[in-house]
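Listed here are the chains, written in short residue letters.
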Amino acid sequence: MTSTGVIVALANQKGGVGKSTTAINLAAGLALAGRKVLVVDLDPQGNATSGMGIDRAGINHSIYDVLLKDVAIEDAVEPTSVRDLYVVPATIDLAGAEIELVSVFSREQRLKGALQGIRDQYEAVLIDCPPSLGLLTVNALAAADEVVIPIQCEYYALEGLSQLLRNIDLVRSNLNPSLAIGGVILTMYDARTRLAKEVADQVRGHFGATTYRTIVPRSVRLSEAPSFGEPIEVFDPMSRGAIAYRNLAREFVARHGWEEEK
């Protein structure tokens, strides 16, 4: 195991690009390969929480309590049905956190401070950001070693991306000088359309080798899995979506030079 875990923010202010799907399934792929992984659900919609089978009614503490009530983050960690995969859940309370954080001391660094004590307990911490560029996303970028951007292979895929990249630069300048762009993941790829290929080529042209080779296909099974509270690897391990996220996890491991350690 690495001595200090890598903290990765999954960010894109556009909704519906596969952020939560990627957080759940990349994390599960890493965990099933023997890595200890924590997902921090920072999205008030709580899709990563429910998608990993956590019943929000039975949660004692959530990420809201960590950010605004000074609850230790380890007290909010919940195990999932997948061995070595854990989550800090989100509840609807988080919807008001953007406003409540405004008056809090060191408001942009709350998550970073919370994660410092536990980052060495996990090989990867994946933060599922909300689809906005508010204080919650800034907290994720301030805490992360790298940001990974899921981009869907559809119309307007690159719209708003320049704003996200500007915000990453601002966070670098003011809060987190070592923040890197760890990768771009192409999601919801429909091989039957010319548009999907054009968008993929455009993204690769813009981001080059930063773009992950693995492309996540548009898949009914992938969209069904969250309603059963299971990662795709558990729900349907032979599906195209499961194979894609398995490959993505392997690529993530290789990019971080972990292969020699296992």
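These notes cover the structure that comes with them. What you see is a predicted model, and the numbers here were worked out from it, not measured in a lab.

### A few points about unusual backbone geometry
One non-glycine residue, Ser106, lies in the positive phi region at around 50°. As for its position among the elements, Ser106 is in the loop between helix 4 (97–101) and helix 5 (110–116).

### Focus: the pairing of strand 7 (residues 180–189)
Counting buried positions along strand 7 yields seven of 10 residues, so the element is predominantly enclosed. Bridge count for strand 6 (residues 146–152) against strand 7 is seven bridges, and the pairing is parallel. Its bridge partner being in strand 7, Glu146 is matched across the sheet by Ala180. What joins strand 6 to strand 7 is helix 7 (residues 161–174), and the crossover it makes is right-handed.

### Side note on the nonpolar core
Val40, Ile63, Leu111, Leu115, Ile127 and Ile149 are the most contacted members of the largest nonpolar core, which totals 55 residues. Sorting elements by how many residues they give to this core places helix 6 (residues 135–143) first, with seven residues. In contact with Ile63, not counting residues within four places along its chain, are Val40, Asp41, Leu42, Ile73, Val88, Pro89, Ala90, Leu94 and Leu111.

### Concerning the layout of surface pockets
The volume enclosed by the largest pocket comes to roughly 470 Å³. Considering the residues around the largest pocket, the lining is formed by 26 residues, among which Gly16, Gly18, Lys19, Thr21 and Met188 are closest to the centre. When contributions to the lining of the largest pocket are tallied by element, the ones reaching two or more residues are helix 1 (19–32), helix 2 (47–51), strand 7, strand 8 (211–217) and helix 9 (220–224). For the lining of the largest pocket, the element with the most residues is helix 1, which contributes five residues. Its residues assigned to classes, the lining of the largest pocket shows 10 nonpolar, 12 polar and four charged. In this model, the second largest pocket occupies a volume close to 170 Å³. As for the second largest pocket, its lining consists of 10 residues, and the residues nearest its centre are Gly29, Ala33, Ala249, Arg250 and Val253. Of all the secondary structure elements, the ones that give two or more residues to the lining of the second largest pocket are helix 1 and helix 11 (240–255). For the lining of the second largest pocket, the element with the most residues is helix 11, which contributes four residues. Grouping the amino acids of the lining of the second largest pocket by side-chain chemistry returns four nonpolar, one polar and five charged.

### Considerations on the sheet that holds strand 2 (residues 37–41)
The strand order across the open sheet built from eight strands is 3-4-2-5-1-6-7-8, with neighbouring strands paired in mixed fashion. Since the sheet does not close on itself, it has two edges, and those belong to strand 3 (78–79) and strand 8, each with one partner. The sheet contacts of helix 7 involve strand 6 and strand 7, and relative to strand 6 the element is tilted by about 175°. Relative to the sheet, helix 11 contacts strand 1 (6–10), strand 5 (124–128), strand 6, strand 7 and strand 8, its axis offset from that of strand 8 by approximately 165°.

Procedures and definitions
- Residues numbered from 1 in each chain as written.
- Predicted model: local features only at pLDDT ≥ 70, side-chain atom pairs only at ≥ 80, totals over all residues.
- Heavy atoms only, no water.
- Helix = DSSP H or I, 4+ residues; strand = E, 2+ residues; numbered from the N terminus.
- Buried < 20%, exposed > 50% of the residue type's maximum accessible area, 1.4 Å probe, protein only.
- Pairing = 2+ DSSP bridges.
- Right-handed = clockwise from strand over helix to strand, strands pointing away.
- Core = buried A, V, L, I, M, F, W, Y, C linked by side-chain atoms within 4.5 Å.
- Contact = heavy atoms within 4.5 Å.
- 1 Å grid on protein atoms, 1.4 Å probe; cavity = no way out; pocket = protein on both sides within 12 Å on 5 of 7 lines; lining within 4 Å.
- Points joined across faces, edges and corners; volume = space filled by probe spheres on them.
- Nonpolar A, V, L, I, M, F, W, Y, C, P; charged D, E, K, R; others polar.
- Axes fitted to C-alpha atoms, helices over the stretch in contact; angles between N-to-C directions.

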